[in-house]
Structure formats: C-alpha cells, structure tokens
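Structural characterization, general
Listed here are the chains, written in short residue letters.
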Protein chains: 2
Amino acid sequence: MPFDPTSLTYNEAGLIPAIAQDAASGEVLMMAWMNAEAVARTLETGRVTYWSRSRAAFWVKGESSGHVQELVDFRYDCDGDCLLVLVQQTGPACHTNRRTCFYRAVRGGEVEELMGPE
Amino acid sequence: MPFDPTSLTYNEAGLIPAIAQDAASGEVLMMAWMNAEAVARTLETGRVTYWSRSRAAFWVKGESSGHVQELVDFRYDCDGDCLLVLVQQTGPACHTNRRTCFYRAVRGGEVEELMGPE
C-alpha cells in the first residue's frame, strides 16, 4: 500500500510527535514534531526534518550544528498519531551536547544526571 | 535534587508525552500522555500510569488487559517536556496485541507491516 503522509493523524496545530531512536544502539535520542510536509521531506531526502514550533520553520536536524540524523527506518504507530524514526545520528542529538536529550532520571525521588556534555 | 512532577512542562491540556521503551530489548513500545498526577502515581507505585485523553481518566496500563508496565527507570528530556519510561512489559504493549504500537514501516514509499498480533 502506498504511504500518504496526509493519512496520519495530526493535532490541532497540524503536528505529529516524532521519536528519534539510534538505529544501532537502540537509545532514544529525542522527541520533536513534524507536520505532513516535514514527513514527506524526511522520506524524500533521507535527512530527518522536523517542524520547529519555536521558530515556526522546517528544521533539518543538524543543518547548523552538523549533528545530522540520517533516516534508517520510518515507522508509525497503531493510531497513526505518533512516529518513530530510526536514525544514524552524527554527534550528540541534544542541543546541550549530550548524546541523548533524556539524560536525567528520577531515582528514589531524586534527580540524577546520567551523562555530561560530549 | 528532589524531583517535583509539577516542575515539568505540560501542554495547554496539562499533559506531557511519555515514551515507553522495553528496558531489556530497547524496543520502543508506545507513546501516551501523562498529567502531573499520573507522573506522581507512576513514580509512587512503580506501575506506569497514563492519562487517557479519550476516557478522561487515569489509565493504569494493563489494568484491564493484564499487559502491565513495571517501571524500571523514569527519565525526562532537556526541555522537561517529554518523558521516557523504561519498562518491564508483560504481554504485548499494543491494543492490537502486537508487541509494539510501531509495527508499520514506510519503505520505498510503501507501507510494510513488521509483525502480526501475538
């Protein structure tokens, strides 16, 4: 069945959450948002492209930092309202220069930092 | 530093997306939503608890199906607006009885189903 980006379920702002996972390590790197055009661009170019809500603009991940995400596999969930992109990540995924955005844990009621900037 | 669930950033509906990842396999299982009270209950009980937007009620994952998620680690991202819960998943995570909700891929412009119901 051919895939149509507009067949996904977008929220009232026309966006769908996209989880980026390192295809090699399985580590969850970040979550950001795409609109239908960002989905189409990601599939067409193989370069993961989000929609930046703060800048209201397409955000080709790594375009300025060099920390690009090459698309390895594009998946979506049962309800069609969440994406999972498996990526080959160059450099740290997080703008804090950490490997993943999920670098803090709550353990025994306390915040623990799991890694520092690279 | 003690963790305060209300210190996270919730959307206009008071919700934050939570990604569930299998702690053993690394597989991303599903994405659902929590409010501050669901975050607190998840941490207190060790049983992953979402907020069901369709039912407008707390949703202790697996309460009716038996497909519970035991919390292994609770993490949150750089912006404090997305959660990652590492879980021990009993049975399939998806309501379609598949191991993960992300069972469809787009490859060469076509939809591929990666697994069937268990």
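These numbers were taken from a predicted model, which means no experiment stands behind them. (Residues numbered from 1 in each chain as written. Chains lettered and ligands numbered in written order. Predicted model: local features only at pLDDT ≥ 70, side-chain atom pairs only at ≥ 80, totals over all residues. Heavy atoms only, no water.)

**What to know about the UniProt feature "binding site: Mg(2+)" (unreviewed entry) in chain A**
The UniProt record annotates "binding site: Mg(2+)" (unreviewed entry) at Asp77(A), Asp79(A) and Asp81(A). Among the secondary structure elements, Asp77(A) is positioned in the loop between strand E5 (69-76) and strand E6 (83-89). Among residues more than four places away in sequence, those in contact with Asp77(A) are Cys82(A), Cys101(B), Phe102(B) and Arg104(B). Summarising the element assignment, Asp79(A) is placed in the loop between E5 and E6. Residue classification places Asp79(A) among the partly exposed positions, given a relative accessible area of 47%. (UniProt positions renumbered as here; feature names shortened; annotations may be inferred. Helix = DSSP H or I, 4+ residues; strand = E, 2+ residues; numbered from the N terminus. Contact = heavy atoms within 4.5 Å. Buried < 20%, exposed > 50% of the residue type's maximum accessible area, 1.4 Å probe, protein only.)

**Considering the relation of the copies chain A and chain B**
Under the fitted operation, chain A is carried onto chain B by 0.0 Å of movement along the axis and a turn of 180°, and the coordinates agree to an RMSD of 0.0 Å. This pairing of chains is accounted for by a two-fold axis. Every residue of chain A has its C-alpha some distance from the rotation axis, and the shortest such distance is that of Gly26(A), at 2.7 Å. Counting the interface residues of chain A, we find that 100% of their copies in chain B are interface residues as well, pointing to one common contact surface. (Least-squares fit on C-alpha atoms with pLDDT ≥ 70 in both.)

**Section: the sheet that holds strand E8 (residues 110-113) of chain B**
Spatially, E2(A)-E1(A)-E6(A)-E5(A)-E7(B)-E8(B) is the arrangement adopted by the six strands of the open sheet, whose pairing is mixed. The sheet is open, and its two edges are formed by strand E2 (28-34) of chain A together with E8 of chain B, each paired on a single side. Averaged over neighbouring strand pairs, the angle between their axes works out to 35° when direction is ignored. Strand direction decides the pairing type here: strand E7 (residues 104-107) of chain B and E8(B), joined by four bridges, are antiparallel. Note on E8(B): the bridge partner recorded for Arg107(B) is Glu110(B). (Pairing = 2+ DSSP bridges. Axes fitted to C-alpha atoms, helices over the stretch in contact; angles between N-to-C directions.)

**Some details on the interface of chain A and chain B**
With 39 residues of chain A at the contact, the number on the chain B side is 39 residues. Taken together, both faces of the contact between chain A and chain B bury some 3200 Å²; the carbon and sulfur share is 60%. In this assembly, chain A and chain B are joined by four salt bridges. A salt bridge links Arg107(B) to Asp73(A); its shortest N-O distance comes to 2.6 Å. Along the contact surface separating chain A from chain B lie 20 residue pairs in polar contact (both at pLDDT 80 or more). For the side of chain A that touches chain B, the secondary structure elements donating two or more residues are strand E1 (16-22), E2, E5, E6, strand E7 (104-107) and strand E8 (110-113) of chain A. Its residues assigned to classes, the side of chain A that touches chain B comprises 23 nonpolar, six polar and 10 charged. (Buried area = accessible area lost by both parts, 1.4 Å probe. Salt bridge = Lys/Arg side-chain N within 4 Å of Asp/Glu carboxyl O. Polar contact = N/O pair within 3.5 Å; in protein donor to acceptor, adjacent residues only side chain to side chain. Nonpolar A, V, L, I, M, F, W, Y, C, P; charged D, E, K, R; others polar.)

**Topic: the packing of aromatic side chains**
Residue and element names in this part refer to chain A. In total, this model carries eight aromatic pairs over all chains according to the counting rule given. Consider the rings of Phe3 and Tyr76, whose centres lie 5.5 Å apart with planes at 40°: the pair is tilted. Of this pair, Phe3 sits in the segment before E1 while Tyr76 sits in strand E5, and the two are 73 residues apart along the sequence. Judged on exposure class, the residue Phe3 and its partner Tyr76 are both buried. These aromatic residues form a ring-pair network of at least three members: Phe3, Phe74 and Tyr76. When the ring centre of Tyr103 is taken as origin, the NZ or CZ atom of Arg98, which lies over that ring, is 3.9 Å away. (Phe/Tyr/Trp six-rings, centres within 6.5 Å; stacked < 30°, edge-to-face > 60°. Lys NZ or Arg CZ within 6 Å of the ring centre and 35° of its normal.)

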